[in-house]
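# Secondary and tertiary structure notes
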Amino acid sequence: MTTSGDQTTRRWSDVLMPRTFTLWTMVLGIASVISQVGIIVTGGAVRLTASGLGCSEWPRCTPESYVATPEMGINGAIEFGNRLLTFVLAAIAVLTILALWRVRKTHRNLVIMSIVLLFGIPGQAVIGGITVWTDLNPWIVMLHFLLSAGMVSIAALLAHRIGAERRARITRTPAVKLQDGASTKLTSISAVVVYIAGWFTLIFGTIVTGSGPHGGDPSAPRHDFDPLIVTRFHTAPVYLMTLMALILLVVMYRINTSQRQRRAVWGFTAVLVFQALVGFYQHFNGLPIAVVLLHMLGTGLVAWMMTIVLDVFNSKYATRPTETELPTGDAAPEQLTNA
């Protein structure tokens, strides 16, 4: 006899750990990207409000307390609040793993990506701790940001694939391809160059930041680089990204690209223009805090969109059924582990 409690438990189990790709799985995929972008923005807020040493210790906030105290003021509250967001990211990562666990045999790579995101979170925390121990050394701050940007890229790939799997089930399409339109050698190479140039832009951007006035604390060490020179190094790959975006915009209307490919290119172009305008404004207006924070948001969006552009012109990923959806006599689940 099945009790009402058993049914309720089973119902919640099927919601949290579905046997296929549900709306819940899709929501978690999007939440992963947004939360990873969000931690970049909140980390930027910590630095821009000079709250980097608001908690003077790690993993404690003070030598006596794990939490911020009223005596630490607003800087302590901001820094401790940013630390608490780590638990939000961890919760989303754990829920994502659970949501994908029952499709692990047919979609192993998706589960691996979700696990990488989970293990990246303690990595962020440890590097954040080293940042505090080194009194906000700009090279360590750089590593902290770049790990976050890498996690945005992984989360974007994961969400993109979950989205394709979800569409396949809504439209009852056997195999939905991420590269669902035409791609030539030119568009493929352009997308790769966009992605590589994007990473050079992010790397040089952190060096520019380490040479600027917003170090997270008045006593924080700064690079000895000439800010103007490192800014030019930062903008050089931006020009290359702009050129590649223009090539993609022109070529994609001359071949049979899909609506999703075109949306990806236009989305990336819009983010690139936004980021360039914000970057130029902050450079020539003394780096106002609110504008720099917008630029931090833009870095997360660039990491997101450059990953999608790479995916829609180069990915070989195609959706496939889960174990419960395999027709009788189809390939054994273990043959589908490379999905």
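Residues numbered from 1 in each chain as written. Predicted model: local features only at pLDDT ≥ 70, side-chain atom pairs only at ≥ 80, totals over all residues. Heavy atoms only, no water.

## Looking at the layout of surface pockets
- In this model, the second largest pocket occupies a volume close to 310 Å³.
- Lining the second largest pocket we find 15 residues, and of these His 160, Arg 167, Arg 260, Trp 304 and Ile 308 sit closest to its centre.
- The element best represented in the lining of the second largest pocket is helix α5 (residues 138-170), accounting for 5 residues.
- Of the residues assigned to the lining of the second largest pocket, the class counts are 10 nonpolar, 2 polar and 3 charged. (1 Å grid on protein atoms, 1.4 Å probe; cavity = no way out; pocket = protein on both sides within 12 Å on 5 of 7 lines; lining within 4 Å. Points joined across faces, edges and corners; volume = space filled by probe spheres on them. Helix = DSSP H or I, 4+ residues; strand = E, 2+ residues; numbered from the N terminus. Nonpolar A, V, L, I, M, F, W, Y, C, P; charged D, E, K, R; others polar.)

## A word on the pattern of salt bridges
- This model, assessed by the stated rule, comprises 4 salt bridges.
- Here Glu 165 ties to Arg 169 by a salt bridge, and the two come within 2.9 Å at their closest N and O atoms. On the criterion of helical spacing, the pair formed by Glu 165 and Arg 169 is a turn pair, its members being 4 residues apart in helix α5. Across this residue pair, the class does not change: Glu 165 and Arg 169 are buried. (Salt bridge = Lys/Arg side-chain N within 4 Å of Asp/Glu carboxyl O. Buried < 20%, exposed > 50% of the residue type's maximum accessible area, 1.4 Å probe, protein only.)

## Some thoughts on empty space enclosed by the protein
- With the rule as written, the count across this model stands at 1 cavity of 30 Å³ or more.
- Lining the largest cavity are Ser 32, Ser 35, Gln 36, Leu 89, Ile 92, Ala 93, Leu 117 and Ile 121.
- At the level of secondary structure, the elements contributing two or more residues to the lining of the largest cavity comprise α2 (23-48), α3 (73-101) and α4 (108-133).
- When the residues that make up the lining of the largest cavity are grouped by side-chain class, the tally is 5 nonpolar, 3 polar and no charged.

## Description of the nonpolar core
- Counting residues in each nonpolar core, the largest one holds 60 residues, and the members touching the most others are Leu 100, Leu 202, Phe 268 and Met 306.
- Only α2, α3, α4, α5, α6 (185-210), α7 (227-251), α8 (259-284) and α9 (289-314) provide two or more residues apiece to this core.
- With residues near it in sequence (within four places) discarded, Met 306 still touches Val 194, Tyr 195, Gly 198, Trp 199, Leu 202 and Phe 268. (Core = buried A, V, L, I, M, F, W, Y, C linked by side-chain atoms within 4.5 Å. Contact = heavy atoms within 4.5 Å.)

## A closer look at the packing of α4 against α5
- Packing of α4 against α5 leaves a shortest axis separation of 10 Å and a crossing angle of 165°. One way to sum up the angle between α4 and α5 is to call them roughly antiparallel. Once α4 is placed against α5, the crossing between them reads as left-handed.
- Residue composition of the contact of α4 with α5, grouped by class: 16 nonpolar, 8 polar and 1 charged. (Axes fitted to C-alpha atoms, helices over the stretch in contact; angles between N-to-C directions. Parallel < 35°, antiparallel > 145°, perpendicular 65-115°, else oblique. Left-handed = near helix turned anticlockwise from the far one by under 90°.)

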